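Below are the chains, spelled out letter by letter.
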Amino acid sequence: MMSTICVRCCWFSEGNFLIFFDIGKIFLACLLACYTPRTAPCLLGWVNDTLFYLVAFLVSIRFIKVSTTDRQTDRQTDRQTDRLTKRGKMASSVVAAWEDCDKIDTLFILVCTVICWTIVPTVGIAYSGYTWRRNSLTAALPAVLVISICSIQWFVLGYSLAYGPGNGWFFGSWTAHLFHRDVLSSPVGTIPAILFSEFQLVFEATVCAIAVGGFVERGTIKSCAVFIALWSTFIYCPLAHMVWGGGVLGEELGVLDFAGGTPVHVCSGATATAISLYLSYPIFRSKKSPLRTPTHIRLHRPGNSFFQLVSMIIIWGSWLAFDAGTALALNFQSVMALCVTNLCAASGALTWSVMTFLESGKWSLDATFMGAIAGLVMITPSAGFIDMPTAFFFGVFGAVVCRQALRIKFTKLAHKWRWVDNGDTFATHCVGGVVATVMTGLFARREVAAYGGLDVPGGVVFDGNVRQLWVQIVEVLVGFSWSFFGSWLIIAGIDCIPGLEVLAVDKHIHEGLDFHETEESLGILVHPEEEDYTPTDKGTIALD
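Model, not experiment: these values are computed from the prediction.

A. Spatial organisation of empty space enclosed by the protein. Evaluated as defined, the whole model comprises three cavities of 30 Å³ or more. Lining the largest cavity are 18 residues; nearest its centre among them are Val123, Ile210, Ile315, Ile373 and His429. The set of elements that each furnish at least two residues to the lining of the largest cavity consists of helix H4 (119–130), helix H11 (305–325), helix H13 (365–379) and helix H16 (425–443). Class assignment for the residues of the lining of the largest cavity results in 13 nonpolar, four polar and one charged. Estimated volume of the second largest cavity: approximately 110 Å³. As for the second largest cavity, its lining consists of 14 residues, of which Gly214, Ala272, Ser276, Val420 and Asp421 are closest to the centre. When contributions to the lining of the second largest cavity are tallied by element, the ones reaching two or more residues are helix H9 (261–280) and H16. The biggest single contributor to the lining of the second largest cavity is H9, with three residues. Of the residues contributing to the lining of the second largest cavity, the split by class is five nonpolar, seven polar and two charged.

Take a look at the structure:
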């Protein structure tokens with residue numbers, strides 16, 4: 001059987017070698033016999049040996065070259081195999097962790113996340129409904145920016161700061177989940193970590209969209225974009241960690257805040273208030289600019305009631321998923337959270353609209369919308385801790401308190417102090433969030449919390465836990481202070497940067513920000529350059 005010298009890319013074999021060797025010998029023998037007959041046998045033996053060693057040498061070189069190539073190829077194959085093996089192990093670990101997740105709970109939170117995501121742009125639509133029609137687009141656009149900026153910030157650093165491992169009072173970790181490292185299918189409760197992260201991103205984006213309402217009708221969009229990135233990193237993420245991520249308020253004090261009385265409503269309301277006050281009393285470039293005059297803005301009716309109607313429908317419905325999904329599982333606590341949220345919003349909407357009707361003799365969509373928002377604010381921190389009758393009472397009480405707080409901006413004192421709350425964020429989210437958080441300490445029930453497997457001490461009224469009231473008050477004070485003063489420092493710092501003046505130019509505020517910040521509008525308006533526009537020249541449709 002013929003054996004080859006080399007397995008790959010070599011034509012030298014034992015048979016080939018002998019054939020060529022014999023042919024060569026015969027040829028040389030004939031040649032030598034013709035010229036030197038006597039010495040031919042000796043020369044033939046010498047040539048025979050020389051040819052043999054020459055061919056053997058060439059074969060050896062070829063064999064060594066091919067063998068070296070084979071060894072390099074084998075090493076590369078081994079390395080690729082190792083890499084594929086490691087990747088396979090990683091993939092198998094991800095799949096194994098996914099198998100540990102509850103598929104029904106995962107589907108439930110997935111649906112809640114998709115539904116809740118609509119809240120973010122809808123907040124912008126609501127602000128555009130509040131504002132003067134020439135400011136409608138610039139009131140809505142910041143909420144769209146929030147979606148993009150917060151999504152990137154949360155992916156890069158936000159999630160790690162809010163929910164990263166560590167025992168920090170104010171921050172989680174700066175590096176543990178940087179760029180979402182190791183945030184895949186490992187269960188958080190019963191759902192994958194990546195889904196938990198996405199659901200919590202909705203919270204951050206919602207709070208931020210509400211907070212930038214302080215820029216409405218006076219602030220510039222470019223400064224607002226920078227503010228969103230800084231605020232979400234240094235204000236919201238630390239506060240979320242303090243309450244929910246194992247920080248000082250949740251882990252050490254034991255606050256009861258189901259879906260965000262302080263991290264959502266107090267934080268957004270205090271932030272919007274800080275922005276509004278700085279726009280009224282700037283201290284850096286906006287103050288020194290001759291084109292800008294900090295002043296009060298005249299009150300006006302809502303610019304677009306249809307926007308308010310659409311916003312009320314979407315926010316009301318989506319907030320049911322917002323509170324229900326906070327349970328992070330499809331259990332009876334999530335069902336109760338949805339039911340009490342709807343009842344509280346309904347009682348708030350009816351209370352506010354009836355009070356307005358009794359005062360003016362007319363029904364108001366704006367009043368109904370504001371009442372529903374007040375009810376949603378009131379139920380947020382307590383949705384997993386109170387029963388249905390208490391939720392009804394929360395909605396009524398919240399509407400009364402927030403409506404009285406709204407009267408502040410109509411006073412002469414507010415005009416004198418340049419108090420501007422055209423998004424009504426202070427009256428509903430800030431005041432309502434404070435009241436809701438404190439009342440959670442009063443009316444939280446240990447029995448209701450147990451529907452979701454939570455063991456909490458309860459509140460004052462039903463469980464006699466007086467300490468919980470003081471814990472909730474501390475949470476409110478810390479949350480308001482952190483949000484208000486931190487936001488003021490951020491916006492003041494932005495105002496120091498040339499080109500990022502936070503207050504818009506007087507002319508732009510007077511004519512409406514839409515035409516100067518965007519050259520577009522959500523309202524039915526005529527652009528100043530197109531006042532004399534006609535679709536055809538001189539009334540004819542003929543083409544030149």
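B. A look at the nonpolar core. One finds Val146, Phe227 and Trp231 to be the most contacted residues of the largest nonpolar core, which totals 113 residues. The element contributing the most residues to this core is helix H6 (residues 193–211), with 13 residues. Each residue touching Trp231, except ones within four places of it in the same chain, is listed here: Val207, Cys208, Ala211, Tyr236, Cys267, Thr271, Ser487 and Ile490.

C. Inspection of the state of the cysteines at higher detail. Applying the stated rule across the entire model yields zero disulfides. The thiol of Cys267 is not disulfide-bonded; the next cysteine sulfur, from Cys208, is found 9.1 Å away. Given the relative accessible area of 0%, Cys267 is considered buried.

D. Spotlight on the pattern of salt bridges. Taken as a whole and assessed by the stated rule, the structure comprises seven salt bridges. In this structure, Arg407 and Glu359 form a salt bridge, with 2.5 Å as the shortest nitrogen-oxygen distance. Residue Arg407 is found in the loop between helix H14 (388–406) and helix H15 (412–416), and its partner Glu359 is found in helix H12 (residues 332–360); the two are separated by 48 residues along the sequence. Arg407 sits in the partly exposed class, given a relative accessible area of 34%. Residue class for Glu359 comes out exposed when judged on its relative accessible area of 52%.

What counts, and where the lines are drawn
Residues numbered from 1 in each chain as written. Predicted model: local features only at pLDDT ≥ 70, side-chain atom pairs only at ≥ 80, totals over all residues. Heavy atoms only, no water. 1 Å grid on protein atoms, 1.4 Å probe; cavity = no way out; pocket = protein on both sides within 12 Å on 5 of 7 lines; lining within 4 Å. Points joined across faces, edges and corners; volume = space filled by probe spheres on them. Helix = DSSP H or I, 4+ residues; strand = E, 2+ residues; numbered from the N terminus. Nonpolar A, V, L, I, M, F, W, Y, C, P; charged D, E, K, R; others polar. Core = buried A, V, L, I, M, F, W, Y, C linked by side-chain atoms within 4.5 Å. Buried < 20%, exposed > 50% of the residue type's maximum accessible area, 1.4 Å probe, protein only. Contact = heavy atoms within 4.5 Å. Disulfide = S-S within 2.5 Å. Salt bridge = Lys/Arg side-chain N within 4 Å of Asp/Glu carboxyl O.

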